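Working through the structure, step by step
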Amino acid sequence: YKEFELKKISFTITKGEKIILIGKNGSGKSTLDKLCLGLLQPNSGHVLYNNYDINKVNIKNNVAVLFQDFQLYATTIAENILLKKIETQEEERLVEQALIYVGLYDKIKQLKNGINTIVSKEFDDEGIEFSRGEKQKIALARIYSSKSNLIILGLNILLLLMIDKFLSIASY
């Protein structure tokens, strides 16, 4: 018999609000994430999104998730961000804005093929191998480009963002 990780949880997140869940390993952070996404069902009570039961509405177009075990693909940087080929100049600008947001734009614009550089040398000798932190930033650019209403980030991604923000403030 295992004690429940979460008991009597109730909260509201309003549009534009940012919250961070911090707790010890096993305290229920990931469980709460999965409940919010509808991937787990509560033993009692309900999870609501815009006052609708999460199991009765399609939230997939309104939610972006980035956990620590994200995946990049051996396609272009732009395709890794949009999860599709660029079809318009607006989409190209969105990729560039996302890269600016995560702090990789200057590095990537210097590459021979820019945003059309393949992420990996596995299939293309002119591809690029990114560091773990740079891969996280590309995955975060994917979240930025999604324009989702609800964003759920794994704790290590939050730490990366906080460290980057601290370093950018400290460098002034």
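Residues numbered from 1 in each chain as written. Predicted model: local features only at pLDDT ≥ 70, side-chain atom pairs only at ≥ 80, totals over all residues. Heavy atoms only, no water.

**Comments concerning the overall build of the protein**
Condition: Strands here mean DSSP runs of E at least two residues long; helices mean DSSP runs of H or I at least four residues long; both are numbered from the N terminus. For each residue, the accessible area found with a 1.4 Å probe, counting protein chains only, is set against the maximum for its type, and the residue is called buried under 20%, exposed over 50%, and partly exposed in between. Contacts were defined at the residue level, with two residues in contact if any of their heavy atoms lie within 4.5 Å. Using the Shrake-Rupley algorithm and a 1.4 Å probe, accessible areas are obtained, with residue cover drawn only from the displayed protein chains.
Secondary structure summary: the protein contains 6 helices and 4 strands in total. Secondary structure elements in the protein, listed N-terminal to C-terminal, are α-β-β-β-α-α-α-α-β-α. Burial analysis of the protein (172 residues in total) assigns 34% to the buried set. By sequence separation, contacts in the protein at least 24 residues apart represent 54% of the contacts at least 6 residues apart. As presented, the protein carries roughly 12,100 Å² of accessible surface, and 52% of it is formed by carbon and sulfur atoms.

**Overview of the nonpolar core**
Definition in use: For the purposes of this section, nonpolar cores are sets of buried Ala, Val, Leu, Ile, Met, Phe, Trp, Tyr and Cys residues that join through side-chain atoms within 4.5 Å.
In this structure, Leu66, Ile77, Ile81, Val95, Leu99, Ile108 and Phe130 are the most contacted members of the largest nonpolar core, which totals 25 residues. When residues of this core are traced back to their parent elements, those giving at least two are strand S3 (63–66), helix H2 (77–82), helix H3 (89–102) and helix H5 (132–146). Setting aside residues up to four positions removed in sequence, Leu99 forms contacts with Ile77, Ile81, Leu104, Tyr105, Ile108 and Ile115.

**Concerning unusual backbone geometry**
One non-glycine residue with positive phi stands out, namely Lys8, at about 50 degrees. Summarising the element assignment, Lys8 is placed in the segment before helix H1 (29–37). A relative accessible area of 86% places Lys8 in the exposed class. You will see that Asn51, though not glycine, has its phi angle at about 70 degrees, which is positive.

**Some remarks on the pattern of salt bridges**
A side chain with one charge can pair with a side chain of the opposite charge if their charged atoms come near. The following threshold applies: Here, a salt bridge means any side-chain nitrogen of Lys or Arg that lies within 4 Å of a carboxyl oxygen of Asp or Glu.
Enumeration according to the criterion identifies 6 salt bridges in this entry. Between Lys85 and Glu79 there is a salt bridge, with the nearest N and O atoms lying 3.0 Å from each other. Between Asp106 and Lys109 there is a salt bridge; the shortest N-O distance is 3.7 Å. Placement of both Asp106 and Lys109 in helix H4 (residues 105–109) is noted, with a separation of 3 residues, approximately one turn of the helix.

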